[in-house]
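An overview of the molecular structure
One letter stands for each residue in the lines below.
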Protein chains: 2
Amino acid sequence: MRSTTRTTTTVTTVNVNGLRAASGKGYVEWLDATEADVVCLQEVRAEQKQLAAHVVEPAGWHVLWAPSTTAKGRAGVALLSRHEPQARRIGFGSDEFDGSGRYAEIDLPGLTVASLYLPSGEVGTERQDEKERFMGEFLDHLKALRERAASQGREVVVCGDWNIAHQEADLKNWKANQKNAGFLPEERAWLSRVFDEVGYVDTVRKLHPDVAGPYSWWSYRGRAFDSDAGWRIDYQVATPGLADRALTARVERAASHPERWSDHAPVTVTYDGAILPE
Amino acid sequence: MRSTTRTTTTVTTVNVNGLRAASGKGYVEWLDATEADVVCLQEVRAEQKQLAAHVVEPAGWHVLWAPSTTAKGRAGVALLSRHEPQARRIGFGSDEFDGSGRYAEIDLPGLTVASLYLPSGEVGTERQDEKERFMGEFLDHLKALRERAASQGREVVVCGDWNIAHQEADLKNWKANQKNAGFLPEERAWLSRVFDEVGYVDTVRKLHPDVAGPYSWWSYRGRAFDSDAGWRIDYQVATPGLADRALTARVERAASHPERWSDHAPVTVTYDGAILPE
DNA sequence: CCTGGCAAG
DNA sequence: CTTGGCAGG
């Protein structure tokens, strides 16, 4: 579907909070207008057969669907790419999580793109234990992914809703949230390991080091969106070689409530260098 | 709140299918406009504290609420009267059903009015057994009610959603529904006993003996309302002396979909003779 | 305060 | 097809 040769690659990621609802509220128009080459979706919350054909197979896109097979109407990730992937993988080798609709990858020439929906968690409940188990297993995957990609000459970007704000600048009300899931010290430390120990780079923060946010999620409760009481929990976590090629990054924050079709906003990064056909 | 002396008494009954939803779709305006002296509600599906004050205690009305105490958000009946009742009763002396929000009575001078929400039932399930148990116990109550009222010099009208169509004229698709709950031979026979053996009168049918319907319920499924594929399952079941005083009866069928605030329509009967203050 | 599932109607 | 409750977020 390319009509001109691009010299950049744009990747966008968004938690759609139910693709059935989002499709009736502006997602379709957004996808139609996006300049992205790859789109990562999280919280699809539907199987293909529950979605309209033009949503399941939008013209001009190759799509990998990874709905939850264990909990109907929950989680679910997808990857859309204008190029046909060389390989598609669902899950990351976890007995517990591979059917949960929380992770999928596609290989493009020179680039592996992943869509991640990390469990939200809730302090004091089994759901926090689940999140921590996921984090433990996923860290190992991130290491292996990086090594495999390097051996193949590929860069990697793991896009998605990581459900953790890393630093104080990543959420408006950080003081009040230090004991809440999403900004717990142990969760923040785990993200630090992803960056400092495994060596991935938080692309948006790299390009915008000295700002609050930009937030990518605002609770539907209260007036969080209008007062910009948001969290930056949606990331493009890239290998250093790819992060060095990041040219621009932005959060596509809707201007107002009626335009919102999710409680998250798309996080879009443009990288230098085209994805060339093989 | 009466400003003139009435010489008639109007009673209306309607299954509101969730008073919270109905209140936002036209119920409030309907109540404000009604000429009725007594209003019987079924399927309120809310406790008082979940409703706005002007709905719980509308100006000019005395209200008896009987929500379900056993299943939150289910069933629930109420009685509104412009006169202050002399007595109020919830339930009919049943261990199983008195807390289920399916029956309440008020005594007015010369008249007992009841609001009934008989279980819907579903063939082949425990819910049909429940309906039949209710019918068995309730028939005894109808007998006792009639005798008590007679000894007190009161007439009786049991208003509500009986969830049974009596005869072929009482539903559009009677042939297709002979094996469905609501038009089973045993249910129809039970209603016949109410009329023929216990001696109550189906007031609306008495005034309109030779018409199809008038229906009072149309499924939300398909185009039942637009094609008038309805059922007459909401009744005013009166003692003969009161039924003889019935002057007019009508179903307040909304003209079109947007005006509907329930899948049922109010059934309104005007009886000769005023409810006088004591 | 939204989502989608569910039981009930 | 619609209600309200529910878990999840």
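Residues numbered from 1 in each chain as written. Chains lettered and ligands numbered in written order. Predicted model: local features only at pLDDT ≥ 70, side-chain atom pairs only at ≥ 80, totals over all residues. Heavy atoms only, no water.

Chain A is annotated in an unreviewed UniProt entry as Exodeoxyribonuclease III of Streptacidiphilus fuscans. Comment text from UniProt for chain A, heading Sequence similarities (unreviewed entry), reads "Belongs to the DNA repair enzymes AP/ExoA family." (UniProt positions renumbered as here; feature names shortened; annotations may be inferred.)

**Quick notes on the protein's contact with DNA strand D**
DNA strand D sits among 18 residues. The nearest are R127 and R221 of chain A together with R20, K25 and Y220 of chain B. At a separation of 2.9 Å, a sugar or linking oxygen of DNA strand D approaches a polar side-chain atom of R20 of chain B. With respect to DNA strand D, the side chain of Q50 of chain B contributes an N or O atom lying 3.3 Å from a phosphate oxygen. Partitioning the surface near DNA strand D into residue classes produces three nonpolar, five polar and ten charged. (Near = heavy atom within 4 Å. Polar contact = N/O pair within 3.5 Å; in protein donor to acceptor, adjacent residues only side chain to side chain. Nonpolar A, V, L, I, M, F, W, Y, C, P; charged D, E, K, R; others polar.)

**With respect to the protein's contact with DNA strand C**
Residues in close proximity to DNA strand C total 18 residues, the closest being R20, K25 and Y220 of chain A together with R127 and R221 of chain B. Those atoms of DNA strand C that come within 4 Å of the protein belong to sugar or phosphate at a rate of 71%. R20 of chain A is positioned such that a nitrogen or oxygen atom in its side chain is 2.9 Å from a phosphate oxygen of DNA strand C. With respect to DNA strand C, the side chain of Q50 of chain A contributes an N or O atom lying 3.2 Å from a phosphate oxygen.

**Considering the sheet that holds strand 3 (residues 62-66) of chain A**
All names here are of chain A. Spatial strand order, 3-4-2-1-12-11: six strands in an open sheet with mixed pairing. A strand with exactly one partner marks an edge of an open sheet, and here the two such strands are strand 3 and strand 11 (246-251). This sheet shows a mean twist of 10° between the axes of neighbouring strands, independent of strand direction. Two strands pair when backbone bridges link them, and strand 1 (residues 8-15) and strand 2 (residues 38-42) are joined in this way by five bridges, in the parallel orientation. Across the sheet, residue V14 finds its bridge partner in strand 2, namely L41. (Pairing = 2+ DSSP bridges. Helix = DSSP H or I, 4+ residues; strand = E, 2+ residues; numbered from the N terminus. Axes fitted to C-alpha atoms, helices over the stretch in contact; angles between N-to-C directions.)

**Overview of the nonpolar core**
If you look at the biggest cluster of nonpolar residues, it comprises 34 residues, and the most contacted ones within it are V38, L79, I106, V113, V157, W218 and Y271 of chain A. Excluding anything up to four places from it in sequence, V157 of chain A contacts L111, T112, V113, A114, Q236, V237, A238, L242 and Y271 of chain A. L108, Y215, A246 and V251 of chain B belong to the second largest nonpolar core, which has 33 residues in total. (Core = buried A, V, L, I, M, F, W, Y, C linked by side-chain atoms within 4.5 Å. Buried < 20%, exposed > 50% of the residue type's maximum accessible area, 1.4 Å probe, protein only. Contact = heavy atoms within 4.5 Å.)

**Some words on the UniProt feature "binding site: Mg(2+)" (unreviewed entry) in chain A**
Residue and element names in this part refer to chain A. UniProt tags N15, E43, D161, N163, D263 and H264 as "binding site: Mg(2+)" (unreviewed entry). Spanning 250 residues, the named residues form one tight spatial group whose C-alpha atoms are at most 13.1 Å apart. In the annotated group above, the largest pocket draws its lining from N15, E43, D161, N163, D263 and H264. On the basis of relative accessibility, which here comes to 13%, the residue E43 falls in the buried class. In this structure, E43 is in contact with N15, V16, N17, G18, L19, A75, G76 and Y117, ignoring residues within four places of it in sequence. With respect to the helices and strands, H264 occurs in the loop between strand 11 and strand 12 (267-272). H264 gets classed as buried once you look at its relative accessible area, which sits at 8%. Residues within four places of H264 in sequence aside, it is in contact with V14, N15, D161, S216, W217, I233 and D234. A polar contact is formed between the side chain of H264 and the side chain of N15, at a distance of 3.4 Å. (1 Å grid on protein atoms, 1.4 Å probe; cavity = no way out; pocket = protein on both sides within 12 Å on 5 of 7 lines; lining within 4 Å.)

**Overview of unusual backbone geometry**
Trans is the common state for peptide bonds, and a negative phi is the common state for residues other than glycine. With omega at -5°, the peptide bond leading from G213 of chain A into P214 of chain A counts as cis. By secondary structure assignment, the location of P214 of chain A is in the loop between helix 6 (203-207) and strand 10 (234-238). A positive phi is found at N163 of chain B, a non-glycine position, where the angle reads about 55°. Residue position: N163 of chain B is located in the loop between strand 8 (155-161) and helix 5 (185-197).

**Quick look at the sheet that holds strand 12 (residues 267-272) of chain B**
All names here are of chain B. The strand order 3-4-2-1-12-11 describes an open sheet built from six strands, whose pairing is mixed. Two strands bound the open sheet, and with one partner strand each, they are strand 3 (62-66) and strand 11 (246-251). Across the sheet, the mean angle from the axis of one strand to that of its neighbour is 10°, orientation sign disregarded. Here six bridges tie strand 1 (residues 8-15) to strand 12, and the two strands are oriented antiparallel to one another. Bridging across to strand 12, T8 finds its partner in D272.

**So, helix 5 of chain B**
All names here are of chain B. A rise of 1.5 Å per residue sets the reference length of helix 5, with its 13 residues, at 18 Å; its end C-alpha atoms lie 17 Å apart and thus fit the reference within 8%. When we look at burial in helix 5, the residues that qualify are E187, R188, W190, L191, V194 and F195. Seen end-on, helix 5 carries its buried residues on one side only, within an arc spanning 155°. Of the exposed residues in helix 5, those oriented more than 90 degrees away from the buried face are P185 and D196. Buried positions along helix 5 lie against helix 4 (126-152), strand 9 (201-202) and strand 10 (234-238). Remark: G199 follows helix 5 within two positions and exhibits a positive phi of approximately 95°. (Expected span 1.5 Å × (residues − 1). Arc of directions from axis to C-beta.)

**So, the packing of helix 4 (residues 126-151) of chain A against helix 5 (residues 185-197) of chain A**
Residues and elements named next belong to chain A. The N-to-C vectors of helix 4 and helix 5 enclose an angle of 5°; their axes lie 11 Å apart at closest approach. As judged from the angle between their axes, helix 4 and helix 5 are roughly parallel. Of the residues in helix 5, those touching helix 4 at Q128, K131, E132, M135, G136, F138, L139, L142 and K143 are E186, E187, W190, R193, V194 and E197. Looking at side-chain class alone, the contact of helix 4 with helix 5 contains six nonpolar, two polar and seven charged residues. (Parallel < 35°, antiparallel > 145°, perpendicular 65-115°, else oblique.)

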